[in-house]
Amino acid sequence: MTAPGPSATPRVVAEGLRFPEGPVALDDGSVLVVEIAGGALTRVAPDGALEVLAELGGGPNGAAVTDDGRVVVCNSGGWRYEQRGDRLWPVGQSPDDGWIDLVDLATREHRVLHRAAGDVPLRSPNDVVLDGHGGFWFTDLGVRSSRSLDWTGVFYATLDGSRCEEVIHPMITPNGIGLSADGATLFVAETFTGRLWAFDVVEPGRVGPGAGYAPHGGRLVLGADGYRLFDSLAVAPNGDVCVATLFTSGITVARPCGGEVGFVPLPDPYTTNLCFTAPDRVVVTQSSSGRLVELAWPPPTLQEHP
């Protein structure tokens, strides 16, 4: 992909996707995305061409690629959608439990890796980050109806299928998840609270005791003002935590030690996820409009705070 110029307008990389999420940059310049409404894992070529690699069903959401070419996919179980003008709008979740898929990029074969953590079912797995120790952290957004909402948490699982456990609980709609470059800090964004939390990782799959008042022991990095709902996140090369933000749509940029750096406005109310394809370049899923867009980083539209 070519780097965009200084314009504040995002460059459209691909369109026609069915509620894309979970972007992952590949070494060949292409980007993997999941299509939640399409139930698919899809490759976006540098020229924007789309190739479905696996039909997973349900509602594939977050994704991460291992060094040996396997893709861990959080599958939420599915959503219902309505077409409103030129946008696809989620209007409800499947009541069915979700699962974790494992896809082999070479063979395109896929299988279910985890459906539960002991006696705790995976309700709506959402986003995932590999830890470099043969395991991965993932969030479970939970399932909501008109009168109920699951209390869920953050899980740790292994790629060999031998371990899956809930490590952090309770949380309210945990969504985005990422690790600092040294792997010592785990960041988790909650959607409906608009909060970004940090946890100390003391060993693979373990976090240290918290000193805060929150029942899960996390440190509050940022609490959003206004109608900002936090979705998935990525940790920038300089350590900033970049959180895809819904409705007041764009990217909220937080300092890892706490506080907000600034905000990058984007047009799609479902600005859901992002990944860095280079230190100075980022791609962002614009889900309701079915687009993957590219920005220079930091963009001229970054509205910095003191």
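Residues numbered from 1 in each chain as written. Predicted model: local features only at pLDDT ≥ 70, side-chain atom pairs only at ≥ 80, totals over all residues. Heavy atoms only, no water.

Novice: What exactly am I supposed to notice about the side chain of Asn-126 here?
Specialist: Relative to the helices and strands, Asn-126 resides in strand 14 (residues 125-130). On the accessibility criterion, Asn-126 (4% relative accessible area) is buried. Beyond its immediate chain neighbours, meaning those up to four positions away, Asn-126 contacts Asn-61, Gly-62, Cys-74, Thr-139, Leu-141, Asn-175 and Ser-232. (Helix = DSSP H or I, 4+ residues; strand = E, 2+ residues; numbered from the N terminus. Buried < 20%, exposed > 50% of the residue type's maximum accessible area, 1.4 Å probe, protein only. Contact = heavy atoms within 4.5 Å.)

Novice: What exactly am I supposed to notice about the pairing of strand 3 (residues 31-35) here?
Specialist: The two faces of the sheet receive side chains in turn, since in a regular strand these alternate between them. Counting buried positions along strand 3 gives 5 out of 5 residues, so the element sits mostly inside the fold. Here strand 3 shows no split at all, with Val-31, Val-33 and Glu-35 on one side and Leu-32 and Val-34 on the other all buried. As defined by bridge partners, strand 2 (residues 20-25) adjoins strand 3 across 4 bridges and the pair is classed as antiparallel. What sits directly across from Glu-21, in strand 3, is Val-34. Connecting the antiparallel pair strand 2 and strand 3 is a turn made up of 5 residues, with Gly-29 showing a positive phi of about 95°. Pairing between strand 3 and strand 4 (residues 40-44): 5 bridges, direction antiparallel. The residue of strand 4 that forms the bridge with Glu-35 is Ala-40. Between strand 3 and strand 4, which pair antiparallel one after the other, the connecting turn spans 4 residues, and Gly-39 there sits at a positive phi close to 65°. (Pairing = 2+ DSSP bridges.)

Novice: Mind showing me how you'd approach the environment of Arg-147 here?
Specialist: Along the chain, Arg-147 turns up in the loop between strand 15 (135-140) and strand 16 (152-158). Taking the C-alpha atoms as reference, Arg-147 lies 31 Å from Leu-186; in sequence the two are 39 residues apart.

Novice: Looking at this structure, I do not really get the pairing of strand 25 (residues 250-254). What am I missing?
Specialist: Of all 5 residues in strand 25, 5 are buried; the element is thus mostly enclosed. Sheet topology places strand 25 next to strand 26 (residues 260-265); 5 bridges connect them, and they run antiparallel. Each residue of the ladder has a partner; that of Gly-250, found in strand 26, is Pro-265. Between the end of strand 25 and the start of strand 26, which pair antiparallel, lie 5 residues, with Gly-258 showing a positive phi angle near 125°.

Novice: What's the story with the packing of aromatic side chains in this structure? I'm lost.
Specialist: In this description, a pair of aromatic rings is defined by centroid distance and the angle of the planes. For the structure shown, the criterion picks out 9 aromatic pairs. For the pair Phe-19 and Tyr-270, a centre-to-centre distance of 5.5 Å together with 65° between the ring planes defines the contact as edge-to-face. A residue pair is termed long-range when its members are at least 10 positions apart, and Phe-19 in the loop between strand 1 (11-14) and strand 2 and Tyr-270 in the loop between strand 26 and strand 27 (271-278) qualify at 251 residues. Judged by its relative accessible area of 5%, Phe-19 falls in the buried class. The exposure class assigned to Tyr-270 is buried, which follows from its relative accessible area of 11%. Between Trp-89 and Tyr-270, the aromatic rings sit 5.1 Å apart at their centres with planes inclined by 90°, giving edge-to-face as the arrangement. Remark: Tyr-270 occurs in the loop between strand 26 and strand 27 and Trp-89 occurs in strand 9 (residues 87-93); sequence separation between them is 181 residues. Residue classification places Trp-89 among the partly exposed residues on the basis of a relative accessible area of 21%. Among the aromatic side chains, those forming a connected cluster through ring pairs are Phe-19, Tyr-81, Trp-89, Tyr-227, Phe-247 and Tyr-270. (Phe/Tyr/Trp six-rings, centres within 6.5 Å; stacked < 30°, edge-to-face > 60°.)

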